[in-house]
Amino acid sequence: MTENLSLFDLAFPDGPDLKLETTHARSFDGLICGVDEAGRGPWAGPVVTAAVMLDYNNVPVGLNDSKKLSEAKREELFGEILASSLVCAASASPATIDRQNIRTATLSAMVRAVNGLPVVPNYVLVDGRDVPPGLKQPGQALIKGDGRCLCVAAASIVAKVLRDRMMVALDEEFPDYGFAQHKGYGVPAHQATLSHLGPTEHHRMSFKPVRLAAEQ
């Protein structure tokens, strides 16, 4: 939800600031967690969320909003994040998205990602406008947090890399749909294939373009 769920309101600048974030983390015994998602907008595939607790004595260099990084850089940082941080990911399938709606499915997956961490965080920073309901700890939503907060940026990279790998694997099962190229987003080539072949079981029927293609 958009309501503040704690007495805290941590300040973050328009770009990542390691010194400031380290100070914030120290206020919570170092146990702060960044959360982000990948795949809210596509017509096919899961939405993937990630929760990351950085080791602020060993932060990978170059963390930023995953959309601002090349695929090669994301892959490089992905390995460094897994090697140096506490990480958990959770996803919601197209069927779950259709049943719950994309917002609810995403927020629920975020809670599962946080709950799956091997160490319980004391504070959660979430990219976007919503602090997921059901978190056991206080949290704060950060608009464009993946470009302002290092732990959220790390979560955005993990979620993006994992989802892209899922879509590449799905491309092997459905090679005619081009999932490896467009990752399920509504590009013209995807629209053309949907119109010709119809949706797969991995498409989100609650999304209007997919629903219309199924009705043709």
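One can find the structure itself at the top, above this paragraph.
Residues numbered from 1 in each chain as written. Predicted model: local features only at pLDDT ≥ 70, side-chain atom pairs only at ≥ 80, totals over all residues. Heavy atoms only, no water.

### Focus on the overall build of the protein
And step 1. Across its full length, the protein holds eight helices and five strands.
And step 2. Counting from the amino terminus, helix and strand elements in the protein follow one another as α-β-β-α-β-α-α-β-β-α-α-α-α.
And step 3. Compactness check: the protein gives a C-alpha radius of gyration of 18 Å against a globular reference of 17 Å for 216 residues, within 12% of the reference.
And step 4. Here the C-alpha coordinates of the protein stretch approximately 55 × 35 × 30 Å along the principal axes.
And step 5. In the protein, which comprises 216 residues, the proportion classed as buried is 50%.
And step 6. Nonlocal contacts in the protein, meaning residues at least 24 apart in sequence, comprise 64% of its contacts between residues at least 6 apart.
And step 7. For the protein, the computed accessible surface area is about 10100 Å², with 53% contributed by carbon and sulfur atoms. (Helix = DSSP H or I, 4+ residues; strand = E, 2+ residues; numbered from the N terminus. Rg over C-alpha atoms; globule rule 2.2 N^0.38 Å. Buried < 20%, exposed > 50% of the residue type's maximum accessible area, 1.4 Å probe, protein only. Contact = heavy atoms within 4.5 Å. Areas by Shrake-Rupley, 256 points an atom, 1.4 Å probe, with all protein chains shown as cover.)

### Details of the pairing of strand β4 (residues 123–127)
And step 1. Where burial is concerned, most of β4 is hidden: five out of the five residues are buried.
And step 2. Neither face of β4 is left uncovered, since the one carrying Tyr123, Leu125 and Asp127 and the one carrying Val124 and Val126 both have all their residues buried.

### A few points about the layout of surface pockets
And step 1. Considered as a void within the structure, the largest pocket measures approximately 220 Å³ in volume.
And step 2. Around the largest pocket, the lining is made up of 15 residues, and of these Glu37, Ala38, Gly39, Lys67 and Tyr185 lie nearest the centre.
And step 3. Sorting the residues of the lining of the largest pocket by element identifies β1 (32–38) and α5 (150–173) as the ones contributing at least two each.
And step 4. Sorting elements by how many residues they give to the lining of the largest pocket places α5 first, with four residues.
And step 5. Of the residues that constitute the lining of the largest pocket, the class distribution is two nonpolar, three polar and 10 charged. (1 Å grid on protein atoms, 1.4 Å probe; cavity = no way out; pocket = protein on both sides within 12 Å on 5 of 7 lines; lining within 4 Å. Points joined across faces, edges and corners; volume = space filled by probe spheres on them. Nonpolar A, V, L, I, M, F, W, Y, C, P; charged D, E, K, R; others polar.)

### Brief notes about the packing of aromatic side chains
And step 1. For the coordinates displayed, the defined rule picks out three aromatic pairs.
And step 2. Relative to tyrosine 123, the ring of phenylalanine 28 lies with its centre 4.6 Å away and its plane at 20°, an arrangement referred to as stacked. Taken as a pair, phenylalanine 28 in the loop between α1 (18–27) and β1 and tyrosine 123 in strand β4 lie far apart in primary sequence, 95 residues in all. The burial state of phenylalanine 28 is the same as that of tyrosine 123; both residues are buried.
And step 3. These aromatic residues form a ring-pair network of at least three members: Phe174, Tyr177 and Phe179. (Phe/Tyr/Trp six-rings, centres within 6.5 Å; stacked < 30°, edge-to-face > 60°.)

### A word on the state of the cysteines
And step 1. A complete count under the given rule lists zero disulfides for this structure.
And step 2. Left without a disulfide partner, cysteine 149 is nearest to the cysteine sulfur of cysteine 151, which lies 3.5 Å away.
And step 3. On the basis of relative accessible area, cysteine 149 is assigned to the buried category, the value being 0%. (Disulfide = S-S within 2.5 Å.)

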